[in-house]
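Architecture at a glance
Spelled out, the chains give:
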Amino acid sequence: SVAVPGAFDSLAAVARGDDSPGDARLLPLAWLACCGVAAAALFYRRPGYLGSSPASDDDDGTLRPKIDASPVPVYSQPSPANPEAFNMFDPADLPPRLSEYANMVYGACEDLGNFFGFQDSSVRNQAEHLLILLSNNRRYMNGHILPPALQPPSPIHALHAKVFSNYVKWCRYQGVPPNFSRAAATAAGTAAPPSVASRVVDLVLFFCVWGEACNIRHMPECLWFLYHKMMEEYGAAMIGGAQDGAQPRSLYAGHYLDYVVTPIFKIVSANMKSNADHVRKRNYDDFNEFFWSRDCLRYRYTCEDPAGEDVEGDGAAGPLAPLPDEGRPPITVGMTDAPKTFLEKRSWWRGIMAMSRIVEWHVATFYLLSVLAFSHDLVWGWVYTLEVASGVFWLLNSLAICWGLLEVWASYPGIHLSGTAVFGSVFVLVSRFLILVYQTLYLMWTFGPGGGSYLGIRADSTFWWWQYVWLSCLCMAPYVLETLTNLCPSVTTALCTSRNEYVQTFLNILFPISRLYVGKDVHESFRHTAVYVFFWSTLIAWKLFFSYVFEVYSMVLPTIQITDDYANFPGQSFTKMSLLLVLRWLPQFIVYCIDMSIWYSVWQAFAGTSVGFSDHLGDIRSMKDIRNSFGRAPEHFCTKMLSPDAGSRRGSSASFLSAGELNSKESLDSRRQSLMNPNLGKEGQSLLGSDPHKLQGYVNRLLDVRIQKWVMFSTVWNEVIDHFREEDLISNRERDYMKFSRFDGFSQAIYLPVFQTAGVVEDAMAQLERPMDDGQKLTTDEHLFKPILDHVTMRTAVSEVWELGNYVLHRLLGPVHNDDAVFITNYVLKWVEGGTVADHMKIAKIRGVVKCLVQLVEVLGKGIGRRKPASTRRSAGGQAKKRQEPASGPPAGGFRRTLSAGSLGSVSNQSAPVQAGAPQAVERNVVIIDALRDQTRDKFRALINSLKGFMNASDPESKEVMDRLTFALSMENGFFWDDAYASDSLDDMARSDIFKSVVSKLQGLVACHPDEVEPKSKEARRRLTFFVNSLFMDMPNAPSIHDMFSWNVLTPYYKETVTLSKGELETRSDALGVSTMLYLQTLFKADWSNFLERMGLTDEDKVWSKKYADETRQWASIRAQTLNRTVSGMMYFEKALRLLANLERLDDDTTNDLMGEKFGYIVSCQVYGQMKKDQDSKVDDIDKLMHRFPHLRIAYIDSVRHQRSGQMAFYSCLIKGDGEGGIKELYRVRLPGNPILGEGKPENQNHAMIFTRGEFVQTIDMNQEGYFEEALKMRNALQEFAKRDGHSPTTILGLREHIFTGSVSSLANYMAMQETSFVTLGQRVLTKPLCIRLHYGHPDVFDKLFFITRGGISKSSKGINLSEDIFAGYNNAIRGGRVAFKEYLQVGKGRDVGMSQIYQFEAKLSQGAGEQSLSRDVYRLC
């Protein structure tokens, strides 16, 4: 008890500089004793810490409940699924793409199912799953996808390599060879190559193991352990059976679940259900990390008694050969004794440990800035400043010791480390502690009295400072090494994955985290690292400069004054001075630690804005921008969103006037012909067939390549607009204005939407009038019309006005005036072709002509739609009379006196004498009252008179045209004087849908202002601008439907609203007495009017009639946060794929097969079975969704009570609509127990994951929605996974979210802005340039094969994984995945709209963040 104080006295003497060599000898002994105490403390563990057998189960403080892990076999399962039912494909009638591998897969399924006792329903499920995956992997055999040198031998090889990549890493880490099927034994009796057949067996075994693993799927290395042992057993049995000629064993269906999965599940379940805190119970990660050690290989995978196997069939005859591991204990023994691998202690220290490097950096830099500030005011020399600044080495070493001691605290009691780990920790702590002691001494001697003698050495302060520096280099070496490896991340991966024992020993001692199985291959490319370093270097440089000026330097003078008062005035208290200095500096230090987040927000804004500009985000923000970019849209659309199979997309720029730009006598003749006889043009009539949404297969030979692009684009654009109308975002009139027009028999295949050409004619007239206003005289057509010809939209609009106007006027005039109309038209075309329009017409008067045309079209537009045609024709004999054209001049009889509605008296008949023998028509003086006819005549006469004034009277040809116009006005049996003929002509127009469409189109062209034809809905404008803008963004080109990636959408659902019922909509729940229906009608007033228009209702009281009730509920439900809204939006993916397949000219059967391969939607309705038992109305609504969407699948957890034992049996079930109004059960997979052990949502997703079929999974919450126009781009988005930007593969794809609840309330608007700030700007910067985005929820798309072999798409340990989605990102990062984030595709999302909802949401975020700070994931990443 006297030795230690003596040692400290010696230390004090040495510090003072006393020359006492005797006492100095005690110093090393004292520190050796201290080291021994530290080592003993670190070595203090339960017996067996260094490898001896454990003494007890509870001495580490971990809860180990007594669990009966013995299996309880269940030989029968009630209500089995119909074995004849199938999900996507009938096994007896498979498509050719799947049938190629069907025999191998089904044969392996049968053999392995019998050998291990897999459930029949599970095997059928995984067989279809594997066949679809193999079919989708055929793309890698395509030369367009991979060059021949990189193509795998077969799709089976490609799938096998991806599925087993983590297994190969695990075997390498364990130091054992992978167990794959023996090629010779597998290929026996099959025609497939051995390498292919063996890989099929490997794949079938893994998917069968995974398919029944239930919650064990959250423990990926446990799955690989099971596969490893089971394949070892199967291989040995196959070899033994081949040698002995014995039949392989056959176990009952469910044997694997009862003897392998259920015992493991019981152990996990007992810990997960415990109410103890994290440190007292083990979670999924603790159990999984047990399989990171080689100790797990000492156990057998099954809990079955080797002497009492339950064998069926021929295999029961005779004794079986002993299988591997039969003499070893079952794995449940090892899992029961397995310790925790991480202590989630609830303490601030745990959070500080996780952020230790951030704390270290702030402390060190604050110290350096303080030194720099004091050196400036106290005028220190650079040598002295450098000596003072070197104290940062002492600080860093002290902090490192603190972190080491916190590691001891965090690991004790309960974490059982290996001897190497303990030695490394002790060595590092003792070494740093000794270095700290000598650092302290050297610094004291550096700033002590000069000329002193220390440790028997007399030297100046510079000598001791250099001793301090050299010693500090030892403790700073790990920091330097870590910095260098961070600048070149690939070096870190090379070191961590090195198999050199010396390198591994070095890493185990200095970097304990390198002992983990994960986190060794996570580096980014050097280019990404350079950008990352530049971002943070500039941010940190500015932060240090600002902090130095405003936070540190401002404190120097007050500090000097306070210390000066203490030094110069007697009686001052040192404690008081010290406390005062602490109180002054502490707020500054706190601000210094916080303001990094402020500057990050500023840098994020700058970086996010620059990235947005580079990605062309927001280039199109209004309908005006759409009009300006519309001419380029088809080219970009066809290049990016259509595959080469969709017609021919690799042509020159599209132009609507290609037909008019041809050299062209043919073009002129065709126009003449179509004008003379609009009913001709049979190919034009059959261009799109009877279905306006379906292109005919011969579109390639029918149209020029340039026009094809416009036809393709117009088809998709019209479909988008139609969906807007179905969603009641726009009215019928707005729909007509927004859609491309197509008229059978016309010269152009399609006509631009009215919203694009409205007002353009006015601009064209302004262009023609501008030279005249400026006093210029343009005498040639080339100069006069150059501005119009150079502007594509203007040129197209003028062409459309000419063609459609001719059509309308020709149909109005009828056959009586046909010759005159053709004569005038041919003359005008001749002038246009010869470039002499300006010589024959007075261009200055064109505005008057257009004005008259507008008036005429407006009259027709208002009246023709409401006109009711007469049942019989009014003209004599029902036939139109055709005039006999005289040689020259007007008719001899002069102007005919007409019978008009304004003439009430009879008029004399001045008909010519009738020839003998000719039939006489009896003319009766009948007054025909027709207001539309009279108005049309008046406007038509005004138009013809304006045309006469438009002609150059001095030109002979123009004079002839004027004579024709005058003669048309004077014809007694024509449109202008024959009432019956004119009324019949208008009746014919009223019966013609084409005429009505043409009039509407022409009215929009010449009479509408651009603002009048734009959609009034903000939502419609927002979606259209985003869609058109995305066409010009960096989007991968689309592959063909056959070669595209496949994906499934997965939505977890509990008991939320499916479809709003009439009662829910009409119930007045609040104090104001406002019902939900009234609220929605008020909030979406225009949408409600559009809905009534679509339904054809004028009386709102009829909306709840039997005919319209379902539509009314649907309208309200898709405007609330309901499952109906989510499902309706997500099923747009199928509609979009079908449209794209149609554009690629695929037949219906092929399209249906590809829908099953490429897309599927599964809603995991966790309690659907219980709701059905309770007769909940939500079940009926869910069933209606299945009938409405045949490709929708519902997965749920069913529970059945056994009559004999009384125990509950749980099943994962999958159902679909049978197409006949019923529900069909497809699969029923028995579970080891109730899978809901943790947070609920992760297990709900996990149980449904086995029913997915695609290579990727998109997770969608039920507060989200999809859009049809965005669904068209999903094929492109999936191609992001094919990119390899850096070392790591892309495994998560984040998508942009639009918050659609911002208009509900001010609080909802706040939440929408908050969410938009993060989900757009924040995630954009985290992805580029920082490359550190993780997973923050839905609608991210996951690489399914990557995640199902690495723990799933979320973690589900209760409590610690409260924010379950976040941990998928952590797990992805630490296992070598990469996250991309793209903003050319958006998904709608709803947020909380009420105060209590927002409070609960924010509380969950806060609690989740607190739990994250305790987790191993955050600790290992930071």
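Remember, predicted model here, so these are calculated numbers, not experimental data.

**Some details on the overall build of the protein**
Of the regular secondary structure elements, the protein holds 63 helices and twelve strands. For the protein, the share of sequence-separated contacts (at least 6 apart) that also reach a separation of at least 24 residues comes to 80%.

**Structural notes on helix α20 (residues 489-496)**
When we look at burial in α20, the residues that qualify are Pro489, Thr493 and Cys496. All buried residues of α20 fall inside an arc of 70° around its axis, so they share one side. Looking at the buried side of α20, the elements it contacts are α19 (461-487), α21 (501-510) and α22 (526-552).

**What about the pattern of salt bridges?**
What the rule picks out here adds up to 66 salt bridges. Here Glu1280 makes a salt bridge to Lys1283, at a shortest N to O gap of 3.3 Å. The exposure class assigned to Glu1280 is buried, which follows from its relative accessible area of 4%. Exposure remark for Lys1283: the relative accessible area of 34% places this residue in the partly exposed category. Each member of the salt-bridge network shares a partner with another, and the members are Asp286, Glu289, Lys340, Glu344, Arg1416 and Arg1420.

**Description of the packing of aromatic side chains**
Evaluated as defined, the whole model comprises 84 aromatic pairs. Plain terms: the ring middles of Trp224 and Tyr227 are 6.2 Å apart, the flat faces sit at 90° to each other, and that makes the pair edge-to-face. On the criterion of helical spacing, the pair formed by Trp224 and Tyr227 is a turn pair, its members being three residues apart in helix α10 (residues 220-244). Taken as a pair, Trp224 and Tyr227 share a single burial class, namely buried.

**Here we look at the sheet that holds strand β12 (residues 1378-1389)**
Read across the sheet, ten strands follow the order β7-β6-β5-β4-β3-β8-β11-β10-β12-β9 without closing on themselves; strand pairing throughout is mixed. Lying at the two open borders of the sheet, with one neighbouring strand each, are β7 (1223-1231) and β9 (1264-1265). Relative to β12, strand β10 (residues 1290-1299) runs parallel, the two sharing nine bridges. The partner of Leu1293 across the bridge, within β12, is Ala1380. Packed onto the sheet, helix α46 (residues 1018-1030) meets β10 and β12 and runs at close to 145° relative to β12. Sheet contacts for helix α51 (residues 1123-1130): β3 (1047-1053), β4 (1159-1165), β5 (1192-1201), β9 and β12; angle to β4, the most-contacted strand, approximately 165°.

**Here's the deal with the nonpolar core**
Core analysis: the biggest nonpolar cluster contains 107 residues, and Val105, Phe118, Phe207 and Met335 have the highest contact counts within it. For this core, the element with the most residues is helix α9 (residues 194-211), which contributes twelve residues. Once residues lying within four places of it in the same chain are set aside, the contact partners of Phe118 are Leu112, Gly113, Val123, Leu205, Cys208, Val209, Glu212, Met230, Ala253, Gly254 and Tyr256. Within the second largest apolar cluster, 98 residues are counted, among which are Met623, Phe630, Met641 and Ala1141.

**Notes on the environment of Glu1144**
On the secondary structure map, Glu1144 appears in the loop between α52 (1132-1143) and α53 (1148-1158). Judged by its relative accessible area of 5%, Glu1144 is buried. Separated by 498 residues in the primary sequence, Glu1144 and Ala646 place their C-alpha atoms 4.1 Å from one another.

**Concerning the state of the cysteines**
Tallied over the entire structure, the rule returns zero disulfides. Just so you know, Cys109 is unpaired, no disulfide at all, and the nearest cysteine sulfur is the one on Cys208, 5.1 Å from it.

**Re the pairing of β7**
Most of β7 sits inside the fold, with seven of its nine residues counted as buried. Hairpin geometry of strand β6 (residues 1208-1217) and β7 is characterised by an intervening segment of five residues between the two adjacent antiparallel strands and by a positive phi of about 85° at Gly1219.

**Examining the packing of helix α37 (residues 792-813) against helix α38 (residues 818-834)**
Taken N-terminus to C-terminus, the directions of α37 and α38 make an angle of 165°; their axes are 11 Å apart at the nearest point. Looking at the two axes, α37 sits roughly antiparallel to α38. For the element pair α37 and α38, the recorded crossing hand is right-handed. Residues Trp802, Asn806 and His810 of α37 lie in contact with α38, whose contacting residues are Asn818, Ala821, Thr825, Val828 and Leu829.

**Description of unusual backbone geometry**
Most peptide bonds adopt trans geometry, and most residues besides glycine take a negative phi value. Here the residue pair Lys1328 and Pro1329 is connected by a cis peptide bond, since its omega of 25° sits within 30 degrees of zero. Position of Pro1329 relative to the elements: it lies in the loop between α59 (1306-1327) and β11 (1341-1343). A positive phi angle, close to 55°, is found at Val379, a residue other than glycine. By the secondary structure assignment, Val379 is in the loop between α15 (356-377) and α16 (382-389). Not every positive phi belongs to a glycine, and Asp728 is a case in point at roughly 65°. Residue placement: Asp728 occurs in the loop between α31 (705-726) and α32 (732-738).

**Quick word on the side chain of Arg282**
Mapped onto the secondary structure, Arg282 falls in the loop between α11 (255-272) and α12 (284-290). One buried charged side chain, Arg282, makes no salt bridge at all; its nearest oppositely charged neighbour is Asp286, positioned 6.7 Å away.

**A few points about the packing of α22 against helix α24 (residues 574-614)**
Interaxial distance between α22 and α24 falls to 9 Å at its minimum, and their mutual angle equals 140°. Judged by the angle between their axes, α22 and α24 are oblique. For the pair α22 and α24, the sense of crossing is right-handed. Of the residues belonging to the contact of α22 with α24, the class tally is 17 nonpolar, four polar and three charged.

**Topic: the confidence of the model for the protein**
Low-pLDDT portions of the prediction should not be read for the details of their coordinates. Per-residue confidence for the protein gives a mean pLDDT of 83; residues scoring 70 or more make up 83%. In the predicted structure, residues 313-320 sits below a pLDDT of 50 and forms nine contacts with residues beyond four places in sequence or in another chain.

**Some details on the pairing of β5**
A large share of β5 lies buried, amounting to nine of its ten residues. In terms of strand pairing, β4 meets β5 through four bridges, oriented parallel. Bridge pairing in β5 links Ile1162 to Arg1193. Across eight bridges, β5 lies against β6 in antiparallel orientation. Looking across to β6, one finds that Ile1197 is bridged to Ser1212.

**As for the environment of Arg1193**
When you line up the elements, Arg1193 lands in strand β5. Looking at Arg1193, the relative accessible area reads 4%, which means it is buried. Separated by 21 residues in sequence, Arg1193 and Leu1214 have C-alpha atoms that sit 6.8 Å apart. Setting aside residues up to four positions removed in sequence, Arg1193 forms contacts with Asn87, Met88, Tyr1161, Ile1162, Val1163, Leu1214, Ile1215, Lys1216 and Leu1226. A distance of 2.6 Å separates polar atoms of two side chains, one belonging to Arg1193 and the other to Asn87.

**Remarks on the environment of Ser198**
Looking at the element boundaries, Ser198 is found in helix α9. Under the relative-accessibility criterion, Ser198 is labelled buried at 6%. Through-space distance from the C-alpha of Ser198 to that of Ile156 is 9.9 Å; in sequence the pair is 42 residues apart. Only 3.2 Å separates the side chain of Ser198 from the backbone oxygen of Ser195, close enough to count as a polar contact.

**Concerning a nonpolar patch on the surface**
On the surface, Val480, Leu484, Leu487, Tyr532, Val533 and Ile1332 cluster together to form a nonpolar patch covering roughly 480 Å² of accessible area. Looking at the nonpolar patch, the elements that each hand over two or more residues are α19 and α22. The greatest single-element share of the nonpolar patch, amounting to three residues, is contributed by α19. Mapped onto the elements of the fold, Leu487 is located in helix α19. Since its relative accessible area comes to 42%, Leu487 is described here as partly exposed.

Cut-offs applied
- Residues numbered from 1 in each chain as written.
- Predicted model: local features only at pLDDT ≥ 70, side-chain atom pairs only at ≥ 80, totals over all residues.
- Heavy atoms only, no water.
- Helix = DSSP H or I, 4+ residues; strand = E, 2+ residues; numbered from the N terminus.
- Contact = heavy atoms within 4.5 Å.
- Buried < 20%, exposed > 50% of the residue type's maximum accessible area, 1.4 Å probe, protein only.
- Arc of directions from axis to C-beta.
- Salt bridge = Lys/Arg side-chain N within 4 Å of Asp/Glu carboxyl O.
- Phe/Tyr/Trp six-rings, centres within 6.5 Å; stacked < 30°, edge-to-face > 60°.
- Pairing = 2+ DSSP bridges.
- Axes fitted to C-alpha atoms, helices over the stretch in contact; angles between N-to-C directions.
- Core = buried A, V, L, I, M, F, W, Y, C linked by side-chain atoms within 4.5 Å.
- Disulfide = S-S within 2.5 Å.
- Parallel < 35°, antiparallel > 145°, perpendicular 65-115°, else oblique.
- Left-handed = near helix turned anticlockwise from the far one by under 90°.
- Lys, Arg positive; Asp, Glu negative; His and termini not counted.
- Nonpolar A, V, L, I, M, F, W, Y, C, P; charged D, E, K, R; others polar.
- pLDDT = per-residue confidence, 0-100.
- Polar contact = N/O pair within 3.5 Å; in protein donor to acceptor, adjacent residues only side chain to side chain.
- Patch = residues over 30% accessible without salt bridge, like charges linked within 9 Å, V, L, I, M, F, W, Y side chains within 5 Å.
- Areas by Shrake-Rupley, 256 points an atom, 1.4 Å probe, with all protein chains shown as cover.

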